[in-house]
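Observations on the three-dimensional arrangement
Residue strings, one per chain:
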Amino acid sequence: MNKTYFYKTGGVLLIFVSILVSCRITNAEFVSKTENIPYSDFLKLVQEDRFEEVILYPTKIKGVLKSREGKSVTTVRVEDPNLVRELVEHNVKFSAAEGGGGWGQGLFLLWLVPMIIFLILISRLRRGGAGAGGLMSIGKSRATLYIDRDTGVTFDDVAGVEEAKEELKEVIDYLKNPQKYQRLGGKIPKGVLLVGPTGTGKTLLAKAVAGEAKVPFFSISGSAFVEMFVGVGAARVRDLFGQAQEKAPCIIFIDELDALGKVRSLAPIAGGHEEREHTLNQLLIEMDGFDTRKGVIIMAATNRPEILDPALLRPGRFDRHILVDRPDIKGREEILKVHGKNIRLSKDIDLKIIAARTPGFVGADLANVVNEAALLAARRGKAAVEMEDFEEAINRVVAGLEKKQRVMNKKEQEIVAYHELGHAIVAEIVPGADKVHRISIIPRGIAALGYTLQLPTEDRYLLTRSELLDRLAVLLGGRAAEELIFHEVSTGAQNDLERATDIAMSMVREYGMSEKMGPMSFQRRKPQFLELGYSSRESSEETSKEIDIEVKKIILDTYARVKSILQENKGKLQKLAKTLIEKEVIEGEELRKIMSQTISSLGE
Ligand code: ADP
Ligand code: ZN
């Protein structure tokens with residue numbers, strides 16, 4: 001299904017061999033002690049680890065056998081791209097040598113170039129050595145460009161990510177019929193960035209887009225470029241785009257874009273990053289240079305959008321972002337349905353219950369659960385997978401996950417629900433905050449256990465004082481709700497408090513928004529390197545104290561305001577919390593509906 005391209009290894013060997021051949025180097029006469037054997041026998045000896053050392057001549061190979069002193073064999077050299085890999089894998093010491101006399105100075109230089117490349121190649125491979133082994137991993141997983149003529153994946157195989165699918169429909173439509181769009185002059189995104197935690201189905205989605213549109217799927221992983229040799233990453237990018245344009249319409253998918261697209265350092269540190277930067281630059285050049293109308297769409301995936309180089313996200317590049325989040329309870333049920341199709345389920349299986357028991361699981365985890373359950377049932381000699389197999393499979397997967405990330409318990413889930421609703425309710429009530437788009441308590445990682453997503457209704461360039469205070473209020477809403485309901489606070493608000501303090505600080509120090517301090521800026525800025533004429537405007541100790549008092553006052557006043565807002569809406573808060581814990585997600589619309597109901601109709 002996948003066609004694998006051996007890039008560098010093949011390339012280097014080719015240069016190597018071709019230069020040697022073009023030199024028409026005559027062979028050295030081998031010492032008489034040696035025995036001539038067929039190439040196949042030679043290979044077998046390599047695989048049996050029999051060689052002490054191997055010397056590669058242009059048209060012959062000489063191998064010195066272990067143990068038997070001085071005994072060696074020769075064979076006629078067959079052009080075998082796997083030879084070097086074989087040798088590395090079996091830890092054979094090997095080198096290349098020129099064949100016999102008659103070497104001119106020029107020839108020697110010709111020799112040197114491939115030799116050096118070759119040595120670099122080998123040393124890199126050694127370094128990447130552990131596990132699957134350097135050369136192997138270069139040839140196979142990491143640096144491989146996969147081309148799937150037909151991924152065979154459709155939207156039916158991807159579940160629980162309806163919003164993302166909806167957004168991608170346009171892309172499919174376009175790939176199916178680029179001419180139609182050209183005629184209408186519609187603008188099509190060049191780059192689509194799928195953002196979300198690992199295992200949520202980003203790769204699967206990209207494949208499904210290719211499958212639905214019935215176009216070829218080129219894929220490569222960003223981390224593959226990092227292991228590349230000098231100049232190869234950029235060449236590979238050029239090559240990738242060249243190939244893709246020939247096969248258009250098609251999709252190029254770059255997994256782990258962050259590995260390649262990390263923010264470029266301002267002062268390049270010697271070596272190391274430079275290669276990645278060349279590659280990244282080449283990617284930017286290719287993206288700018290090619291014409292979408294040809295029908296090539298570049299998709300990429302990342303779970304760390306925040307570290308991406310902003311240049312990648314500019315208009316005309318990856319300017320379309322699609323969130324592929326952890327699935328909610330309904331989504332999990334759908335995903336279980338997809339994977340459950342491949343196994344025989346007993347009649348008592350209720351996928352809804354399994355979905356309810358697996359909060360925070362991503363698609364990959366759920367696929368794992370289904371697979372594990374099927375294996376357990378098979379081991380127990382059952383005709384179909386039963387509920388108890390699933391129970392145990394979940395426990396196993398949870399145990400595995402707990403090592404990697406935490407899974408929330410009931411009490412924590414409740415605290416997070418109230419916390420997020422605190423943000424949301426305040427955001428709905430204060431006039432200067434962005435509207436709530438969605439509240440979720442599906443755990444997303446260690447830092448944020450839940451989230452409240454607010455979307456601005458318009459782009460803003462200026463914020464007034466009261467708007468800033470309203471934003472501050474929203475940030476404090478989480479902590480205030482916890483205190484109101486549990487009479488106790490948790491560590492969950494750390495990030496909120498940090499951001500709230502930042503806002504209050506800026507108001508006082510930068511924007512001159514505190515009455516007491518007046519319209520003055522006390523912003524402290526560090527001098528840039530070698531910045532001439534920099535005058536520091538350090539405030540006096542006394543002023544610093546006053547600033548701190550003002551910041552504190554802003555925060556405490558706002559906190560009091562937030563608490564009274566939540567106190568007034570306590571009934572709604574409790575009702576919403578019940579819904580949120582049950583469904584894990586509340587959309588903005590629904591929030592507003594419940595909020596607009598009167599307390600009496602809520603039965604309070
Ligand atoms: P990502 O690229 O986001 O890390 P993958 O697409 O590689 O995740 O997902 C790995 C596997 O997990 C998929 O091949 C599929 O079997 C399963 N999976 C993940 N997400 C989903 C989903 N939304 N629906 C169905 N299966 C999924
Ligand atoms: Zn919060």
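Residues numbered from 1 in each chain as written. Chains lettered and ligands numbered in written order. Predicted model: local features only at pLDDT ≥ 70, side-chain atom pairs only at ≥ 80, totals over all residues. Heavy atoms only, no water.

Quick look at the pairing of strand β3 (residues 60-65) now. Where strand β2 (residues 51-56) lies against β3, five bridges are found, and the strand directions are antiparallel. Within the sheet, the bridge partner assigned to L56 lies in β3 and is I61. Linkage of β2 to β3, two consecutive antiparallel strands, is achieved through a turn of three residues. (Pairing = 2+ DSSP bridges. Helix = DSSP H or I, 4+ residues; strand = E, 2+ residues; numbered from the N terminus.)

This part takes up the sheet that holds strand β4 (residues 72-76). Spatially, β1-β4-β3-β2-β5 is the arrangement adopted by the five strands of the open sheet, whose pairing is mixed. Among the strands making up the open sheet, the edge pair consists of β1 (35-36) and β5 (93-96). Sheet analysis places β2 next to β5, joined by four bridges and oriented parallel. What sits directly across from L56, in β5, is A96.

On to the site of ligand 1. Taken together, 15 residues surround ligand 1, and among them A159, G199, K202, T203 and H339 come closest. In this structure, T200 approaches ligand 1 through a main-chain N or O atom, which is 3.2 Å from a nitrogen atom. One of the side-chain N or O atoms of H339 is found 2.8 Å from a nitrogen atom in ligand 1. Protein contacts shield 79% of the accessible area of ligand 1, which totals 560 Å² for the unbound molecule. Contributions of two or more residues to the shell around ligand 1 are made by α8 (202-213), α14 (329-340) and α16 (363-379). Built from parts of two domains, the shell around ligand 1 gets at least three residues from each of domain 2 (144-323) and domain 3 (329-398). (Near = heavy atom within 4 Å. Polar contact = N/O pair within 3.5 Å; in protein donor to acceptor, adjacent residues only side chain to side chain. Areas by Shrake-Rupley, 256 points an atom, 1.4 Å probe, with all protein chains shown as cover. Domains from an automatic or database assignment.)

A separate point is the packing of helix α18 (residues 410-429) against helix α22 (residues 570-583). Contact geometry for α18 and α22: axes closest at 9 Å, N-to-C directions at 125°. The pairing of α18 with α22 is recorded here as oblique in orientation. Seen along the crossing, α18 lies across α22 with a hand that is right-handed. Where α18 abuts α22, its residues Q413, E414, A417, Y418, L421, G422 and I425 lie against L573, Q574, L576, A577, L580 and I581. When its residues are assigned to classes, the contact of α18 with α22 shows nine nonpolar, three polar and one charged. (Axes fitted to C-alpha atoms, helices over the stretch in contact; angles between N-to-C directions. Parallel < 35°, antiparallel > 145°, perpendicular 65-115°, else oblique. Left-handed = near helix turned anticlockwise from the far one by under 90°. Contact = heavy atoms within 4.5 Å. Nonpolar A, V, L, I, M, F, W, Y, C, P; charged D, E, K, R; others polar.)

Glancing now at the pattern of salt bridges. Taken as a whole and assessed by the stated rule, the structure comprises 23 salt bridges. Note that E166 and K169 form a salt bridge whose closest N and O atoms lie 3.3 Å from each other. Of the two residues, E166 and K169 both sit in helix α6 (residues 162-176), three residues apart, roughly one turn of that helix. Given a relative accessible area of 42%, K169 falls into the partly exposed group. Residues D389 and R380 are paired through a salt bridge, measuring 2.6 Å at the closest nitrogen-oxygen approach. For D389, a relative accessible area of 0% corresponds to the buried category. Members of the salt-bridge network, linked through shared partners, are E372, R380, K382, E386, E388, D389, E392 and R396. (Salt bridge = Lys/Arg side-chain N within 4 Å of Asp/Glu carboxyl O. Buried < 20%, exposed > 50% of the residue type's maximum accessible area, 1.4 Å probe, protein only.)

Along the polypeptide, L313 turns up in helix α13 (residues 310-313). The exposure class assigned to L313 is partly exposed, which follows from its relative accessible area of 27%. Along the sequence, L313 and G191 sit 122 residues apart, while their C-alpha atoms lie 8.8 Å from each other. Among residues more than four places away in sequence, those in contact with L313 are L193, L308, F318, D319 and H321.

Here the focus is the packing of aromatic side chains. Under the definition given, this model contains four aromatic pairs. Look at F42 and F51: their rings are 5.2 Å apart centre to centre, the planes differ by 40°, and that puts the pair in the tilted class. Judged by its relative accessible area of 3%, F51 is buried. Through a chain of ring-to-ring contacts, three or more aromatic side chains come together here, namely Y39, F42 and F51. (Phe/Tyr/Trp six-rings, centres within 6.5 Å; stacked < 30°, edge-to-face > 60°.)

This part covers helix α20 (residues 494-509). With 16 residues, α20 should cover 22 Å at 1.5 Å per step; its first-to-last C-alpha distance of 22 Å lies within 8% of that length. Along α20, the positions that sit buried rather than exposed are D496, A500, I503, A504, S506, M507 and V508. (Expected span 1.5 Å × (residues − 1).)

Turning our eyes to something else, we now look at the nonpolar core. Core analysis: the biggest nonpolar cluster contains 49 residues, and I439, L566, L573, L576 and L591 have the highest contact counts within it. Secondary-structure elements contributing two or more residues to this core are α18, β12 (435-440), α19 (465-486), α20, α21 (541-568), α22 and α23 (588-596). By residue number, the principal contributor to this core is α19, which donates 12 residues. (Core = buried A, V, L, I, M, F, W, Y, C linked by side-chain atoms within 4.5 Å.)

Looking now at α16. Between its first and last C-alpha, α16 extends 24 Å over 17 residues, near the 24 Å set by a 1.5 Å rise per residue. Among the residues of α16, G363, D365, L366, V369, V370, E372, A373, A374, L376 and A377 are the ones counted as buried. Trailing α16 by a residue or two, G381 shows a phi angle of about 70°, which is positive.

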